[in-house]
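Coordinates in review
Now for the letters of each chain:
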Amino acid sequence: MRIFPILLTTLTLIAAPAHAETLRLMSYNIRVDVSSDNPRWAERREPMAKQIAFTAPDIFGVQEAAQTAVADLADRLPSYDHYGIGRDDGVKGETTTLFYDRARFVRIEASTQWCSKTPDVPGKDADAAYPRTITRLILRDKQSGKLLDVRNTHFDNVGVTARENCARQLEAIPRYKDAVIMIMGDFNTGTDSVPYRILSSEDGLNLKDARIGAAIDFGPQGTFNDFNIAQTDGEAIDHIFIDRALTVTRFGVLTDSFGGRVISDHFPIVTDVVLPPK
């Protein structure tokens, strides 16, 4: 597989949306800034913004997104609005922010739940190492008139029970009336796990993994690279789940790099889906 470098040329980017008949979704664990990482966020933010702008998602969700990182991306991607709050107390801490193309969508509602027995109160569940959030946006697509129920999350990296509970909590949130559901995120769990089976079941919300049945499936199986550009054969732990009736035209795991280094410790995933007529 060829890995294409991203040239650093401009500071402000305007992304053109995907074709009007499709909806392009992207999920990206952008990695919180850690002093031992190579490269650090200050080096990664510019190529990341360029990668997103080139991919031109209509909606994208980020995980491990510090408030400063969200601000950096928002400054460089001015055609997007965004929503997400800190997981620690509703202000501080990592976010699972959702970005959306303001020219295409009208925001109807925005809300956050914590993955816990008290979803409206900041906290963590069972064996979780950290508080985890579900960011939800209800959007109206100006092009199709469709309502979208979009959810972004980051399951715990330690708690097996917490991951299963969060999957059940996600699945239990009722569909917004007449809306198409899309759930994206870093689920810290593969395709043979209980949380994956809950979210891709024909029961409940009746969702499917967007990668399954995509007309074009491009990129490696693995989505976590641990900042190793050659690590592409691991497990898929980042997923996008969509209404089972939707047609998926493309799905990709993007392995772009800059200066021989990956942009994050996860590869972003992107998919094109066809919205049904209103």
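Keep in mind that what you see is a predicted model, and the values were worked out from it rather than measured.

1. Observations regarding helix α3 (residues 160-172)
When the terminal C-alpha atoms of α3 are compared, their 19 Å separation across 13 residues agrees well with the 18 Å that a helix rising 1.5 Å per residue should span. Every buried residue of α3 is listed here: A162, R163, C166, A167, Q169 and L170. Along the axis of α3, the buried positions cluster into a sector of 160°, meaning they face one direction only. The outward face of α3, more than 90 degrees from its buried face, is lined by the exposed residues V160 and A172. Those residues of α3 hidden inside the fold are in contact with β5 (105-114), β6 (133-141), β7 (147-154), β8 (179-186) and α4 (194-199).

2. Quick look at the pairing of β8
When you tally the buried positions in β8, you get eight out of eight residues, the bulk of the element. Every second residue of β8 is oriented toward a common face, with A179, I181, I183 and G185 on one face and V180, M182, M184 and D186 on the other, all of them buried. Pairing analysis gives eight bridges linking β7 to β8, with the strands arranged parallel. Pairing of N152 across the sheet is with M184, part of β8. What joins β7 to β8 is α3, and the crossover it makes is right-handed. As paired strands, β8 and strand β11 (residues 238-243) are joined by five bridges and run antiparallel to one another. Across the sheet, M184 pairs through a bridge with I240, a residue of β11.

3. Regarding the state of the cysteines
Summed over the entire model, instances satisfying the criterion amount to one disulfide. Each sulfur of the disulfide joining C115 and C166 lies 1.9 Å from the other. Highlighted residues: C115 in the loop between β5 and β6 and C166 in helix α3, separated in sequence by 51 residues. The same class applies to C115 as to C166, namely buried.

4. Focus on the nonpolar core
L23, L25, I59, L148, M182 and I242 are the most contacted members of the largest nonpolar core, which totals 28 residues. Put simply, the parts of the chain that give this core at least two residues each are β1 (22-29), β4 (98-101), β6, β7, β8, β11, β12 (247-253) and β15 (269-274). When sequence neighbours within four positions are dropped, the list of residues in contact with L25 reads I59, M182, M184, I240, I242, I269, V270 and T271. If you look at the next biggest cluster of nonpolar residues, it comprises 22 residues, including F60, Y80, F99 and F258.

5. Section: the packing of aromatic side chains
Across all of its chains, the model carries five aromatic pairs by this definition. Taking the centre distance of 4.5 Å and the plane angle of 5° together, the rings of F60 and F99 count as stacked. Taken together, the residues F60 in strand β2 (residues 59-63) and F99 in strand β4 connect sequence positions 39 residues apart. On the basis of relative accessible area, F99 is assigned to the buried category, the value being 0%. Ring centres of F155 and F187 lie 4.9 Å apart, and the angle between their planes is 85°; this geometry places the pair in the edge-to-face category. In this pair, F155 sits in the loop between β7 and α3 while F187 sits in the loop between β8 and α4, placing the two residues 32 residues apart along the sequence. Each of the two residues, F155 as well as F187, counts as buried.

6. Some words on helix α2 (residues 67-76)
Within the span of α2, buried status applies to A69, V70, D72, L73, A74 and R76. Buried residues belonging to α2 abut α1 (41-55), β2, β3 (80-83) and β4.

About the thresholds
Residues numbered from 1 in each chain as written. Predicted model: local features only at pLDDT ≥ 70, side-chain atom pairs only at ≥ 80, totals over all residues. Heavy atoms only, no water. Helix = DSSP H or I, 4+ residues; strand = E, 2+ residues; numbered from the N terminus. Expected span 1.5 Å × (residues − 1). Buried < 20%, exposed > 50% of the residue type's maximum accessible area, 1.4 Å probe, protein only. Arc of directions from axis to C-beta. Contact = heavy atoms within 4.5 Å. Pairing = 2+ DSSP bridges. Right-handed = clockwise from strand over helix to strand, strands pointing away. Disulfide = S-S within 2.5 Å. Core = buried A, V, L, I, M, F, W, Y, C linked by side-chain atoms within 4.5 Å. Phe/Tyr/Trp six-rings, centres within 6.5 Å; stacked < 30°, edge-to-face > 60°.

Remember that the coordinates give geometry; whether it matters functionally is a separate question.
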